[in-house]
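Fold and geometry: a report
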Amino acid sequence: MDITALADGLYGIPLLGIVFQIVGFLVDVIPSNAPNIMNQSTPLALAALCGVLCERSGVVNIGIEGTMLAAAFTAWVVGVAVNPMFGSPAPGPIFGLTIPLVISLVAAVLVAVLISTLHAWLSISLRADQIISGTIINIAAFGVTGYLDQLISKSSPAGAGSFAAFTPPTELTNLPVIGWLIAMFLNQGPIAMSTIVIIIGGQIWLFRSRWGLRTRAVGEHPRAAETVGIDVIRLRYRNVMLGGVFAGLGGAWLSIEATNSFQIGMTTGRGFIALAAMIMGRWTPIGAFGSALLFALFLQISQLIKIAPPAGDLGTVMSSVPAQLWDALPYLLTIVILAGVVGRSIPPAADGQPYEREAAA
Amino acid sequence: MTDPAEPIVAPALEMRGITKRYPGVVANDAITLEVHPGEIHALLGENGAGKTTLMNVLYGLATPDEGEVLLNGTPVKIAGPADAIARGISMVHQHFMLVPVLTVAENILLGEETMANRFFLDRNEAHRRIIELGRRFGFEIDPEAKVGSLSVGWQQRVEIFKALYRNAKILVLDEPTAVLTPQETEEIFAVLRRLAAEGHSIVFISHKLYEVLEIADRITVIRRGRVVGERKPAETNEDDLAELMVGREVQLVVDRGVSHPAAPVLHVQGLTASDDRGQLTVRGVDFDVRAGEIFGIAGVAGNGQDELVEAIIGLRKPAAGSVTLDGKDVTGHSPRQLNEAQVAYVPADRHRFGLILPFSIADNLVLTSYYRSPYARGLLRDREAIDRDAKTSVQRFDIRTPSPNAKASTLSGGNQQKAVVAREFDRELKLLILDQPTRGLDVGSIEFIHRQVIAKRDAGTAVLLVSAELDEVLELSDRIGVMYGGKIVAIVDGPTADKNEVGLLMATGGERDMTTETHVMGQTA
């Protein structure tokens, strides 16, 4: 049977043809762009995991955006400061690893944990409104990093350096059918590559470990958890602070893995998109990762359409749509998801509720 | 089984001279309690008598100012729930401390996890132990079932399992039967007797007199923080216990007299409504309530009663069917329209719907009439009229408060409910809708409210009474509709109704199928 004839025929039917062309376009672009999509999903997946950790224990954290931004700035600024001290070493053989880069990464994570601890203190100990606490963090991070960036940029500093992507052997990436998947997961920088491990670990942690079980219980019914002797406050602190580690990694990815620079507001809403990914993934690490990949796919497509629109009718339609609209696609998707169109997703029952101990002795 | 003539073994639990003061109140005043191994010891008292404080002391949630706790004769200091559990004390709370979205096994394990190593749970071993424990007590339980999908009776069993899994020797049950049907209560009692026979000590907290008489080996009555008596079931009766508990003679069952029903006032036909999640929970309900009669609706919580009442009173849009008041179609009318048509409504949750807690009592008393004369003149409220009438209401309905201008949140539960009753009852009514009117109240307040309801009935008001307390429905109703799975499955005559028969209808809807019902969800309160 002549498949080309069949395909041409399908192209001819108006609506079906468009769908067919879209599928064809996706099948065409996804494998070749898989490493990029995976890479773009990294900060979303890490931030969404931070969200899962916080919200599963009952703390809403919308300050992830600001936490990431502060981490991104810290990574870059520490890199800029430390790099000359070590004589600006040449990039290492794997991942372009240098001591200054490692120091930058650690600093970024520390700052993110510090900010998360602030959020934990405000919302858990002081029982402040968690949305307001998160908002404060976002505004403060934007303002402070922006101001400091302007001060530092005046002296036009040398770069901080950045991690490089690992290049898997071509024998592997050229394998039929699965080659592109290998490239997707291995042709990555250190943060992106470890994200996969972190996500899988997170999933196992949440559903198989004692800490995970307690987290789920505390986020649903903290009083029940306390009556069986679980320290609700301490668990929430631990979760929010550990979440900070992942937000920090996500932030560092922006400034020392994806780029070698810092721009004001460079998170561009990723912390919020991550929360949408978390909701769409039903508060599970793997689900959130899947959603993050979907968002990244949309990001990638919006780029591709501008650079290399597909041939045929679909291309004509796509390129006639203003480019800004394609840029808005991931954000529109966020709104659609948050509006609850994609299935109903039930948050942990005690999400966002401060906990007060039963009786003060 | 514990004859004081042979005190060979030290009591499993002894609380000696426990005093606990909170600012302004002495919650426990030199309370002494002894529980022997294998004994079921009932702790009887009204709300606010100090039962909960005493148990918080035992569970390490409160530190007593005076007195000591002894376990097997040794004085101990209990630092907190974890410590209490480690010492073999477990508590089954009145509001279940279960996480609905977790499985039975996860709920049982929580806090006392069976571990495969330092980090991971050992599910297989946990399942094996749970099933083995179930066999010992004669029921099979699926460790993988989600707790939220279990019936209330099974959830109760999971609570008891939690205690047994921790090898508890002393089991405290706080009002364990409050939400159970009579059959489920019997089943739980059987479990408790079995536990006692195995040597466990059980503290059974309740205010249901007949239950205490049925299950306990010994009864300690407390009132206003003090022990006022200790009885054995054989030496006492309900009236004696009630008097001890309240401090005066109480009429436990209000004399309902004879009703004189007239023409139907409320006519509900084919009413259908969904809950907040869009599930159809009221599936075609028909009934009439006549002037001068009390129509009771009995049913296990969560069988559509809440949605039914809300659909009638205009808080929920019915999907189908009609509500007629005195021959006039009022389907979908707003609560205010119904209020003005002489319909009164006492909602189930007085904290969320009955009162505005941060408002004064006086303001709460005019919530349904603040906008019209005499409480408002044009756009302004008439404070004087409001205060004057508030004073009268506070007196007439015996609302105990220092001032009508005190916040509603400062009142005890019984007095809060009296305030709601004062607002809703104090005018001429065609129809009175009561949803759980005495939930969580002490016998004194229950008596008062029941009297008011009977008085309204005798004045010719049609009364619709919804209650999860089967006894309340039986005591007051002239006719009883049993609600099950969103339908009224049977209507029986009130005065001649058989408790077990109604209980069975509640549990099964008339079909002899005792499998767990998924519509009885353990929703978060």
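Residues numbered from 1 in each chain as written. Chains lettered and ligands numbered in written order. Predicted model: local features only at pLDDT ≥ 70, side-chain atom pairs only at ≥ 80, totals over all residues.

For chain A, the count of helices and strands is 15 helices and zero strands. Relative to a compact globule of 361 residues, whose C-alpha radius of gyration would be 21 Å, chain A shows 22 Å and is just as compact. Oriented by its inertia axes, the alpha-carbon framework of chain A measures out at about 80 × 55 × 40 Å. When the 361 residues of chain A are sorted by exposure, 47% land in the buried category. Looking at chain A alone, contacts between residues at least 24 apart form 79% of all its contacts between residues at least 6 apart. (Helix = DSSP H or I, 4+ residues; strand = E, 2+ residues; numbered from the N terminus. Rg over C-alpha atoms; globule rule 2.2 N^0.38 Å. Buried ≥ 20, exposed ≤ 12 C-beta atoms within 10 Å, placed from the backbone. Contact = placed C-beta atoms within 7 Å.)

All right, on to the domain arrangement of chain B then. Residue and element names in this part refer to chain B. The assigned domain composition of chain B is domain 1 (13–246) and domain 2 (264–508). Measuring from the centre of the C-alpha atoms in domain 1 to the corresponding centre in domain 2 gives 33 Å. Tallying the contact residues gives 12 residues for domain 1 and 17 residues for domain 2. Of all the secondary-structure elements, those providing two or more residues to the side of domain 1 that touches domain 2 are α6 (182–197) and α8 (238–246). Looking at the side of domain 1 that touches domain 2, the element that brings in the most residues is α8, giving three residues. Looking at the side of domain 1 that touches domain 2, its residues break down into six nonpolar, five polar and one charged. (Domains from an automatic or database assignment. Nonpolar A, V, L, I, M, F, W, Y, C, P; charged D, E, K, R; others polar.)

Residue and element names in this part refer to chain B. With six of six residues buried, strand β21 (residues 479–484) is to be regarded as a mostly interior element. Burial along β21 is two-sided: the residues Arg 479, Gly 481 and Met 483 and Ile 480, Val 482 and Tyr 484 are all buried. Here strand β13 (residues 294–298) runs beside β21; their pairing, made up of four bridges, is parallel. Looking at the pairing, Phe 295 lines up with Arg 479 of β21. By the bridge criterion, six bridges tie β21 to strand β22 (residues 487–493) in an arrangement that is antiparallel. (Pairing = 2+ DSSP bridges.)

Chain B puts 25 residues into the contact, and the matching count from chain A is 21 residues. Elements supplying a minimum of two residues to the side of chain B that touches chain A: α2 (81–86) and α3 (104–109) of chain B. Of all the elements, α2 of chain B adds the most residues to the side of chain B that touches chain A, at three residues. Partitioning the side of chain B that touches chain A into residue classes produces 17 nonpolar, five polar and three charged.

Below, the discussion takes up the nonpolar core. Grouped together as the largest cluster of nonpolar side chains are 160 residues, with contacts concentrated most on Leu 58, Phe 204, Leu 431, Ile 433, Leu 464 and Leu 465 of chain B. Counting residues per element, this core draws most heavily on helix α5 (residues 152–165) of chain B, at eight residues. Each residue touching Phe 204 of chain B, except ones within four places of it in the same chain, is listed here: Ile 40, His 41, Ala 42, Leu 43, Leu 173, Ile 215 and Ala 216 of chain B. Residues Cys 50, Phe 298, Ile 301 and Ile 337 of chain A belong to the second largest nonpolar core, which totals 84 residues. (Core = buried A, V, L, I, M, F, W, Y, C linked by C-beta atoms within 7 Å.)

Moving on, we get to unusual backbone geometry. Residue and element names in this part refer to chain B. Between Ser 373 and the following residue, Pro 374, the backbone shows a cis peptide bond with an omega angle of 5 degrees. Mapped onto the fold, Pro 374 is located in the loop between α12 (361–365) and β17 (376–377). Of note in this structure, Ala 30 is not a glycine but carries a positive phi near 50 degrees. Along the chain, Ala 30 turns up in strand β2 (residues 25–35). Among the residues examined, Ala 30 registers 14 C-beta atoms within 10 Å and is labelled partly exposed. Positive phi values are uncommon outside glycine, yet Gln 436 reaches one of about 50 degrees.

Let us now look at the sheet that holds strand β14 (residues 320–325) of chain B. All names here are of chain B. Spatially, the four strands line up as an open sheet ordered β12-β11-β14-β15, and their pairing is antiparallel. Strands at the two margins of the open sheet, each flanked by one partner only, are β12 (280–290) and β15 (328–329). Here strand β11 (residues 264–274) runs beside β14; their pairing, made up of five bridges, is antiparallel. Within β14, the position partnered with Thr 272 by the bridge is Ala 320. Packed onto the sheet, helix α9 (residues 305–313) meets β11, β12 and β14 and runs at close to 120 degrees relative to β11. (Axes fitted to C-alpha atoms, helices over the stretch in contact; angles between N-to-C directions.)

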